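# Geometric and topological summary
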Amino acid sequence: MLDSLFRPKSVAVIGASTKELSIGNRVIRNLVDFGFKGPIFPINPKADEVRGVKAYKSILDAPDNIDVVHMVIPAKFVPQAVEDCGKKGVKNIIINSGGFSEIGPEGEVYEKDFMVRAKNYGIRVLGPNCQGIINSDPDIRAYCNFTFTKPDIGHISIVALSGGVAEVIHQGFSSMGVGTRIYASNGNACDITIPEIIQYLGDDDGTRVIVTYVEGLRDPATFMKVAREVAAKKPILAMKAGRTTEGAKAAASHTGGLAKEDLATDLIFKKAGVLTFMDEGELIQAAVAFATQPIPKGNRIGLITNTGGPAVIATDILVGAGLAIPPLSEKTETFLKAELFPEASVNNPVDVLATGNASHYRACMDAMIADDNYDALYINFVTPFFVDTDSIAKEIAAVNQQAEKPMVCNLMTDKNEWTETVRILKQGGVPSFSLPGEAARAMTALVRYNDIRSRKIGQPDIFKDVDTSRAKGILEKASSGTGFLPAEDVYQILEAYKISTADWRMATSAESAVKAARELGYPVVVKADAASIVHKSDMGGVAVNLPDESAVQTAVTAMEKRFDAPDLKFFVQKYHEGGMEVILGAKAEPGLGHLIMFGMGGIYVEVLQDVVFNLTPVTRFEAEEMLGAIRLSPLLKGVRGEKGVYQAGIVETIQRLSQLVSDFPEIQELDLNPTLAFENRIVVVDARIGLK
Ligand code: ADP
Ligand code: MG
């Protein structure tokens, strides 16, 4: 679909300028300098040529079949220019100019105007207010962009709304001497979207890894769908910025508050299989490894070094990230003892010593690749003046070319002096970094990606035993009102979805409360129930562990005095002694379904904020993952000989909750706090449902 944009056969520039320091000049220069394979048509009513290229007075005078037109003219002239392009049969327009929706309503008028015209003629628009695209494919060489980084041919493609970040990332690759494939920055994105570009890159054979930067997703559902499809074919590495305001939001004690501002983006990335980064440097370095390396099959790393300290640093980082540094197999050890210097350290890391030569490195690499104890290799390579470092580089490059196991190399050298060594590694596609931490983190990313890829999240279980129509009836009746549902409605909805709750009765007076308690059996709990009472216990609306009639009477009388709500009722509930308090919750996420929350309940929620989230629909695999992901998970599993809680029950409740809110999108928020987890059962003892 976007082929004519990314592989243009001809490019025109409306607003081509003879002024050196202008975008209208720079775009022509970039196209020429980068060796664009097709004709370039500068459009300028006053000039005969721009940068030596013949110019045309109007787009209508230029030759036909133009794939891409740049517009570098004031916003108010853009609608007419788009109209002209339509008449000319232009396929794509890159609008570099700003002054559209990003400046407010007056600019938005022009954006709407030109979009109507573009749609009319079936023209696709990149931007406005954007940099454009670059394609380093030797057949194309399209530099439809006003930036300055001239990429080598490579396999990494970059896409971002923000031109500033896209360019910084691009620079990062360039300064590491790593090439890129396609670059796209789409600014206001009023037509061509990020998901559409990702889809295109997914189909582009020259793209091995896709790097993207987002601050939030405009159309999360489409992003999720596309990213999922593409991530199944090739790695997508993403960085999301704008995290800090979330931290503050996490302080609140309810699902709504705990669901941090843009938590959904991270969850979408996770569900879609996108690898996320918190740091742009790390993202760049990881992409360099992904561009040439196979994905490791596991997390066991073999280290080879010719200097001690850097191997220690790397070990710390790898182990800290959960990777393993297994010992050498007996065979490898025996072999290397014979091959290396007697003083060499034959362990993992293997230290070949600074005097170690090419055949030593080669012996280590071959042995560790053959050794089943390792999934990948980490190499430290300092370049002492007294060894033949070019030969070492050749061996590393040769082993890398075999591509049997992934490798990263921390090359510690003076790049200006050891130019040939550097060149050999680069030519051989060895991902080379300048610090042990950088190489180790790139390796960590490869392993992390393997973990993501091997997550088989499966399909959500659909519970057939639920009574959807009963829940529907209750919700329909309640939906006339807004806010929170009365307790009896909430508990009946949970019952309809077979989410196990403590037995309960509704009462309106001390007398009926006593009757209810008798039916339930002592001990019981009495809770004040009225629309105005939200945090019941804070307001003195919860009396637990009531052993007999007189205790129930006293509790109800006290609550009658305390609350003068006209709709005051008493929720009488079976008291369940002990159990571990966990919290489950759901919160509507527009366009995406719901966030599902699970964590430690009671005081833990507020103090530790030990909660995790997922997006509906939550599968069994994901529910189990959630259970294991909280910090206090070991408590649920049982520590020091204590029996754990009924985890299967929690997993099932998470899934039933996911099904309930998926069936009823009108549920805005739902809290089961606390849910008591016992050795062999789960009981919800407090529940709230809020509607739109
Ligand atoms: P709220 O959250 O509105 O303050 P809850 O209904 O959650 O009120 O009650 C407060 C606390 O009382 C709960 O966190 C739990 O520790 C305890 N509790 C409430 N109901 C029961 C019950 N049925 N069995 C055991 N403990 C309960
Ligand atoms: Mg509660």
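Keep in mind it's a predicted model, so treat the numbers as computed, not measured.

Before going further, it helps to examine the site of ligand 1. As a matter of local geometry, ligand 1 sits amid 18 residues, with K527, K536, S537, K574 and E581 nearest to it. At a separation of 2.9 Å, a nitrogen atom of ligand 1 approaches a polar backbone atom of K574. E581 is positioned with one of its side-chain polar atoms (N or O) 2.4 Å from an oxygen atom of ligand 1. Burial of ligand 1 by the surrounding chains reaches 82%, relative to a free accessible area of 540 Å². Mapped by element, the contributors of at least two residues to the shell around ligand 1 are β22 (524–529), β23 (542–546), β24 (569–574) and β28 (667–677).

Once that is clear, we can look at the packing of helix α23 (residues 620–629) against helix α25 (residues 647–663). Contact geometry for α23 and α25: axes closest at 9 Å, N-to-C directions at 125 degrees. Accordingly, the angle class assigned to the pair α23 and α25 is oblique. The interaxial crossing formed by α23 with α25 has right-handed handedness. Of α25, the residues touching α23 (which contributes R620, A623, E624, M626 and L627) are Q647, I650, V651, I654 and Q655.

Time to look at the environment of A687. Summarising the element assignment, A687 is placed in strand β30 (residues 687–691). With relative accessibility at 9%, the residue A687 sits in the buried group. As a C-alpha pair, A687 and Y110 span 577 residues in sequence and 51 Å in three-dimensional space. Contacts of A687, omitting those with residues within four sequence positions, involve V490, Y491, L494, D671 and L672.

To continue, consider the nonpolar core. Residues F6, I133, I197 and I198 are the most contacted members of the largest nonpolar core, which totals 58 residues. Once you skip the residues sitting within four places of it in the chain, I197 turns out to touch L2, F6, L126, V159, A184, N186 and I192. In this structure, V466, I493, L657 and V661 belong to the second largest nonpolar core, which totals 48 residues.

Let us look at the coordination of the magnesium ion (ligand 2). In this structure, N673 (O) and D686 (OD) serve as the protein donors to the magnesium ion (ligand 2), at separations of 2.2 Å. Taken together, the positions of N673 in strand β28 and D686 in the loop between β29 (682–684) and β30 put the pair 13 residues apart, joining distant regions of the chain. The burial state of N673 is the same as that of D686; both residues are buried.

Sheet strands pair by backbone hydrogen bonding; their relative direction is either parallel or antiparallel. Here 5 strands make up an open sheet; going across it, the order is β16-β15-β17-β18-β19 and the pairing parallel. Every other strand in the sheet has two partners, leaving β16 (350–351) and β19 (432–433) as the edge strands with one partner each. Bridge analysis of strand β15 (residues 301–305) against β16 gives 2 bridges, and the strand direction is parallel. Looking across to β16, one finds that T305 is bridged to D351. Docked against the sheet, helix α17 (residues 436–454) engages β15, β17 (376–382), β18 (407–412) and β19, running at close to 170 degrees with respect to β18.

Here the focus is the side chain of D371. One can find D371 in the loop between α14 (358–370) and β17. One buried charged side chain, D371, makes no salt bridge at all; its nearest oppositely charged neighbour is K405, positioned 6.4 Å away. Within the local environment of D371, its side chain forms a polar contact with the side chain of S329, the two groups lying 3.0 Å apart. Discounting residues that sit within four places of it in the chain, D371 has contacts with L328, S329, T332 and K405.

Moving on, we come to helix α10 (residues 263–272). Burial analysis of α10 places 8 of its 10 residues in the buried class, the great majority of the element. Along α10, the residues that are buried comprise L263, A264, T265, L267, I268, F269, K271 and A272.

What follows concerns the pattern of salt bridges. Here the structure, examined in full by the defined rule, presents 40 salt bridges. Measuring nitrogen to oxygen at the nearest pair gives 3.7 Å for the salt bridge that ties E229 to K225. Taken together, the residues E229 and K225, both in helix α7 (residues 220–231) and 4 residues apart, mark about one turn of the helix. A salt bridge links K271 to E622; the nearest nitrogen and oxygen atoms lie 3.2 Å apart. Placement of the pair is K271 in helix α10 and E622 in helix α23, with a sequence separation of 351 residues. As far as burial versus exposure is concerned, K271 and E622 are alike and both buried. A cluster of three or more residues bridged by salt bridges with shared partners is formed by R7, D137, R181 and D204.

Attention now moves to the packing of aromatic side chains. For the structure on display, the rule yields 12 aromatic pairs. Relative to F571, the ring of Y491 lies with its centre 4.6 Å away and its plane at 35 degrees, an arrangement referred to as tilted. With Y491 in helix α19 (residues 487–496) and F571 in strand β24, this pair connects stretches of sequence that are 80 residues apart. Neither Y491 nor F571 differs from the other in exposure class; each is buried. By way of ring pairs, the aromatic residues Y491, W504 and F571 are connected into one cluster. Above the ring of F463, the side-chain terminus of R656 is found at 4.2 Å from the ring centroid.

In this section: helix α16 (residues 419–427). Taken residue by residue, α16 has T421, I424 and L425 as its buried positions. Around the axis of α16, the buried residues are gathered within 95 degrees of arc, so they sit on the same side. Each element contacted by the buried residues of α16 is listed here: β17, α15 (389–402), β18 and β19. G429 sits one or two residues past α16 and shows a positive phi near 70 degrees.

Our focus in this paragraph is the sheet that holds strand β13 (residues 236–240). In spatial order, the strands read β9-β8-β11-β10-β12-β13-β14; together these 7 strands make up an open sheet with mixed pairing. In the strand order of this sheet, the two ends are held by β9 (142–144) and β14 (275–277), each with one partner. Looking at each pair of strands side by side, their axes are set apart by 20 degrees on average, direction ignored. Relative to β13, strand β12 (residues 209–214) is paired through 5 bridges, and the arrangement is parallel. Across the sheet, residue Y213 finds its bridge partner in β13, namely M239. Against the sheet, α10 makes contact with β12, β13 and β14, and its axis sits at roughly 170 degrees relative to β13, the strand it touches most.

Reading guide: rules and limits
Residues numbered from 1 in each chain as written. Chains lettered and ligands numbered in written order. Predicted model: local features only at pLDDT ≥ 70, side-chain atom pairs only at ≥ 80, totals over all residues. Heavy atoms only, no water. Near = heavy atom within 4 Å. Polar contact = N/O pair within 3.5 Å; in protein donor to acceptor, adjacent residues only side chain to side chain. Areas by Shrake-Rupley, 256 points an atom, 1.4 Å probe, with all protein chains shown as cover. Helix = DSSP H or I, 4+ residues; strand = E, 2+ residues; numbered from the N terminus. Axes fitted to C-alpha atoms, helices over the stretch in contact; angles between N-to-C directions. Parallel < 35°, antiparallel > 145°, perpendicular 65-115°, else oblique. Left-handed = near helix turned anticlockwise from the far one by under 90°. Contact = heavy atoms within 4.5 Å. Buried < 20%, exposed > 50% of the residue type's maximum accessible area, 1.4 Å probe, protein only. Core = buried A, V, L, I, M, F, W, Y, C linked by side-chain atoms within 4.5 Å. Donors = N, O, S within 2.8 Å, 3.2 Å for Na, K, Ca; no water. Pairing = 2+ DSSP bridges. Lys, Arg positive; Asp, Glu negative; His and termini not counted. Salt bridge = Lys/Arg side-chain N within 4 Å of Asp/Glu carboxyl O. Phe/Tyr/Trp six-rings, centres within 6.5 Å; stacked < 30°, edge-to-face > 60°. Lys NZ or Arg CZ within 6 Å of the ring centre and 35° of its normal. Arc of directions from axis to C-beta.

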